[in-house]
Amino acid sequence: MEVLREKVEEEEAAEREEAAEQAEHAEKMERMVRLAEVSKEERILTQDELRDLEKKMMAVEIPIPAERPIINKAIIDVSKLPPSYTTNSPKEEHLLQVADNFSRQYSHLCPDRVPLFLYPLNECEVPKFVSTTLRPTLMPYPELYNWDSCAQFVSDFLTMVPLLDPLKPVVKKKEKVSPKKYAVKPPRDLTSRFEQEQEDKRQQEIQALEKKRLREEEEHLLEAEKSKPDPLHGLRVHSWVLVLAGKREVPECFFIDPLTARSYSTKDDHFLGIESLWNHRNYWVNMQDCWNCCKDLVFDLGDPVRWEYMLLGSDKPYLSLTEDYDEGMDNDDDVEYLGKEDEDKSFDMPPSWVAQIEITPEEFETRCPNGKKVIQYKRAQVEKWAPYLNNNGLVCRLTTYEDLQCTKGLEIKEWYQNREDMLELRHINRTTGLHVDYFKPGHPQALQVHSYKSMLPEMDRVMEFYEMAREDGLIKREETPMTMTEYYGGRSDFLSYRHINFGPRIKKLTQNSAESNPRPMVKITERFSRNPEKPADEDVAERVFLITEERIQLRYHCRDDYITASKREFLRRTEVDSKGNKINMTPDMCISFEVEPMEHTKKLLYQYKTMIHLKNEEKLSRHQAWESELEVLEILKLREEEEAAHTLTISIYDTKRNEKSKEYREAMERVLHEEHLQQVETQLDYLAPFLAQLSPGEKLTRWQAVRLKDECLSDFKQRLIDKANLIQARFEKETQELQKKQQWYQENQVTLSPEDEDLYLSYCSQAMFRIRILEQRLNRHKEMAPLKYLALEEKLYKDPRLVEFLKVFV
């Protein structure tokens, strides 16, 4: 019974294995049938089916656009174009037939889609396949045609240069004046506060109504823009560059706009769909649904279900097949596939008919037609120019507006290049009237930023300087009609701040200019950084020169362990009074507060020396403040001259624009040409030393000609022998020195150190190299000497001065 049970189990197991094999074979066949339906392999049709298909294809009519693109024939001279523009080769005609057949099939299978862009007319009205318009060649100027440089030039200038803060108004601080005994009370303010409040309230209401009106107009315009339907939505067609992922470490596919060189993701909302793709080898039609724009598209061009290709070629990226299918294809039972693997069904694409594009550096420098381009944005406008197109060096201007109609300007930014005054950017605020000029390093006055509202002197302005380029360490200078403030850094006297207050100018009958009649100084405030070499009680932190009040105030640095600082105040009196009597130093002329009183500071001699020193410092500070005023006038005058001239710098390598460099180069070429002509004229004459033996004007005889020839040859022979002897002598000398060195090494080999052995081996290597070179030169000289001798003899026989006398010997 057990034997029977085992046999039954074996039979059942065999049946199950056979059923599994049949199911697996059926599954493989079903998969192969599906793949065969998807693939592009042509199926064998009967004659009747072929005739029916041909009738259907002939009945298909491809819609042709009613309007053809207008080409200005007056601009294009067809006679100057290559023959490939006006005619088609047999291979191109064959390709056009294939494209026409493919277009008919596509229109038959997809009648709802727009016609394919396969073979448009070129400028000569000759149909050309789109793939043959591409010319995959290397660019002649790889640095000039860099994608990054192009994208950088056309990038948005809205975030190029950060805006500086506007010029802050200078608020005068009221100084504390010691009350006088008989001060005059100011008159009462009799204006009504209620009326002033009502007026302010009315002005606020007017401003609120104006803002509300502007806001309503803006909202109305925005609603009008949104409510307008776009009649061309989804109908605009544009050609973009698609970069596939995989090669050159490209992680994902992306688009490139050929007009701006900007890159975009394939999932960008601006792309509604893709009709077709092509390169210089093939053409693909998108068969995927673009209901979600391009976000769900699969860019696997080897998948014939998603991308219908036109030409069957070996370069097509085939879709990777599964291992089961590969194993099934290797089955020996598939006899129908045998012999078809080696068939070459690829189509040889004709070469591109487009001539190689040649763009000179001058043409590329224009960057756009006529060197100018205007881009309109919402409430902004960008204007771009090529370098050196404008006489003032202007290359870009960004204008922002308050309204959508772009009629009320707010700000203007202007970028400059190649300016001799190093001006780089100018920012103009039309609302406040503030101008801000930015300079690159290299300005004659080390100017970095200049903020102003007017170029007239003694007006509100701010000047910033490059600190390292100035000897006085000036960083910033702020000026108002009545004040001037300067900031310093890195000075040896530790001065960091100076503030000058001016009084009203005294009017003169003759002239009233800033140079001839400067503003009177009322107060000078100077601040100093901490000097670590001095004690804090002796290191001045701030000194104030009250010029009109004849007082000098000092404030010292505070110690680390104190909260108050020492102070002194000197009453600066004249050295003599009105009667001519000399005034002595008294204790009431110096008022001091000391954190730690010291004995020597209370002495009148110390106070007197300090006051004399401060008087000299006051004179120096007033003189420096006067020089600062003159420097401001000089900078303003220089800026007016620079703006009037706006000279541009030209590189010495730009010979087309740099006239001086061009003239210098032409002069150098003339000098070199003249030197070359002189060198040719004064070329070495091998008969000159022997002809010098004859008397001037003496005619050459036959005997003298023979003697000249013999002497010339014998002299040349002797020089060849001397050269050979010289080489031989050097060869023997090097050999003897090497032998002596080798003998020395044999005698001292045991006692030599590793360093000495390395020096010996290095010397032997160099000596053998020199001996080998000398041997080669000697052998070459022995080979070439007879040939040189014969060549000179032939020249002598052909020399026009000796040829008449040496004919007999030839």
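Since we're looking at a predicted model, the values are computed, not measured. (Residues numbered from 1 in each chain as written. Predicted model: local features only at pLDDT ≥ 70, side-chain atom pairs only at ≥ 80, totals over all residues. Heavy atoms only, no water.)

Student: Which residues make up the overall build of the chain, and what are the values?
Tutor: A tally of regular secondary structure across the chain gives 13 helices and 22 strands. For the chain, contacts bridging at least 24 residues in sequence account for 46% of all contacts bridging at least 6. Just so you have it, the chain exposes about 58,000 Å², and 54% of that area is on carbon and sulfur atoms. (Helix = DSSP H or I, 4+ residues; strand = E, 2+ residues; numbered from the N terminus. Contact = heavy atoms within 4.5 Å. Areas by Shrake-Rupley, 256 points an atom, 1.4 Å probe, with all protein chains shown as cover.)

Student: How would you summarise a positive patch on the surface if you had to cite specific residues and measurements?
Tutor: Taken together, the side chains of K723, R730, R777, R780 and K788 define a basic patch exposed on the protein surface. The set of elements that each furnish at least two residues to the positive patch consists of α12 (702-747) and α13 (754-798). Broken down by element, the residue count for the positive patch peaks at 3 residues, all from α13. Residue placement: R780 occurs in helix α13. (Patch = residues over 30% accessible without salt bridge, like charges linked within 9 Å, V, L, I, M, F, W, Y side chains within 5 Å. Salt bridge = Lys/Arg side-chain N within 4 Å of Asp/Glu carboxyl O. Lys, Arg positive; Asp, Glu negative; His and termini not counted. Charge placed at Lys NZ, Arg CZ, Asp CG, Glu CD.)

Student: Give a detailed account of empty space enclosed by the protein, specifying residues and quantitative values.
Tutor: This structure, assessed with the given rule, holds 3 cavities of 30 Å³ or more. Residues of the lining of the second largest cavity, tallied by class, amount to 4 nonpolar, 2 polar and 2 charged. (1 Å grid on protein atoms, 1.4 Å probe; cavity = no way out; pocket = protein on both sides within 12 Å on 5 of 7 lines; lining within 4 Å. Points joined across faces, edges and corners; volume = space filled by probe spheres on them. Nonpolar A, V, L, I, M, F, W, Y, C, P; charged D, E, K, R; others polar.)

Student: Can you explain the state of the cysteines? Please cite residues and give values.
Tutor: Here the structure, examined in full by the defined rule, presents 0 disulfides. No disulfide involves C293; its nearest neighbouring cysteine sulfur is the one of C294, lying 6.7 Å away. Note on C294: no disulfide assigned, nearest cysteine sulfur contributed by C290 at a separation of 5.6 Å. (Disulfide = S-S within 2.5 Å.)

Student: Give me helix α4 (residues 90-109): which residues, what numbers.
Tutor: End to end, α4 covers 29 Å across 20 residues, agreeing with the expected 28 Å (1.5 Å per residue, within 8%). Among all positions in α4, only E92, L95, L96, A99, F102, S103, Y106 and S107 are buried. Taken around the axis of α4, the buried residues stretch over an arc of 135 degrees, which confines them to a single face. Looking at α4, the residues exposed on the side facing more than 90 degrees away from the buried face are P90, Q97 and L109. Where the residues of α4 are buried, they touch β5 (283-286) and β6 (307-309). (Expected span 1.5 Å × (residues − 1). Buried < 20%, exposed > 50% of the residue type's maximum accessible area, 1.4 Å probe, protein only. Arc of directions from axis to C-beta.)

Student: Now, about the packing of α12 against α13: what can you tell me, with residues and values included?
Tutor: As a packed pair, α12 and α13 sit with axes 10 Å apart at the nearest point and diverge in direction by 170 degrees. Taken together, the axes of α12 and α13 lie roughly antiparallel to each other. Partitioned by chemical class, the residues of the contact of α12 with α13 number 22 nonpolar, 4 polar and 13 charged. (Axes fitted to C-alpha atoms, helices over the stretch in contact; angles between N-to-C directions. Parallel < 35°, antiparallel > 145°, perpendicular 65-115°, else oblique.)

Student: Pulling in residues and values, what's your account of unusual backbone geometry?
Tutor: Here the phi dihedral of R367 falls at roughly 70 degrees; this positive angle occurs in a residue that is not glycine. In this model, N370 sits at a positive phi of 60 degrees, which is unusual for a non-glycine residue. Summarising the element assignment, N370 is placed in the loop between α8 (361-366) and β7 (372-377).

Student: Which residues make up the nonpolar core, and what values do they have?
Tutor: Counting 32 residues, the largest nonpolar core has M463, I500, M521 and F570 as its most contacted members. Those elements that place two or more of their residues in this core are β14 (461-465), β16 (483-488), β17 (495-502), β18 (521-528), β20 (551-556) and α9 (604-645). Looking at this core, the element that brings in the most residues is α9, giving 6 residues. Among all residues touching M521, those that are not within four sequence positions of it are I500, N501, F502, I547, R622, A625, W626 and E629. If you look at the next biggest cluster of nonpolar residues, it comprises 17 residues, including F690, V706, F716 and L806. (Core = buried A, V, L, I, M, F, W, Y, C linked by side-chain atoms within 4.5 Å.)

Student: Tell me about the pattern of salt bridges, and please be specific about residues and values.
Tutor: Oppositely charged side chains may form a pair once their charged atoms are brought near each other. Taken as a whole and assessed by the stated rule, the structure comprises 50 salt bridges. Note that E631 is salt-bridged to R477, the shortest N-O span being 2.9 Å. Taken together, the residues span a long stretch of sequence, with E631 in helix α9 and R477 in strand β15 (residues 474-479) at a distance of 154 residues. Residue E631 is classed as buried on the basis of its relative accessible area, which comes to 13%. Here R543 and E617 are joined by a salt bridge, their closest N and O atoms 3.0 Å apart. In this pair, R543 sits in strand β19 (residues 540-546) while E617 sits in helix α9, placing the two residues 74 residues apart along the sequence. Considered together, R543 and E617 belong to a single accessibility category, that of buried residues. One continuous salt-bridge network, built from bridges that share partners, spans R470, D472, R477, E486, R498, E526, R543, E617 and E631.

By themselves these figures say nothing about function.
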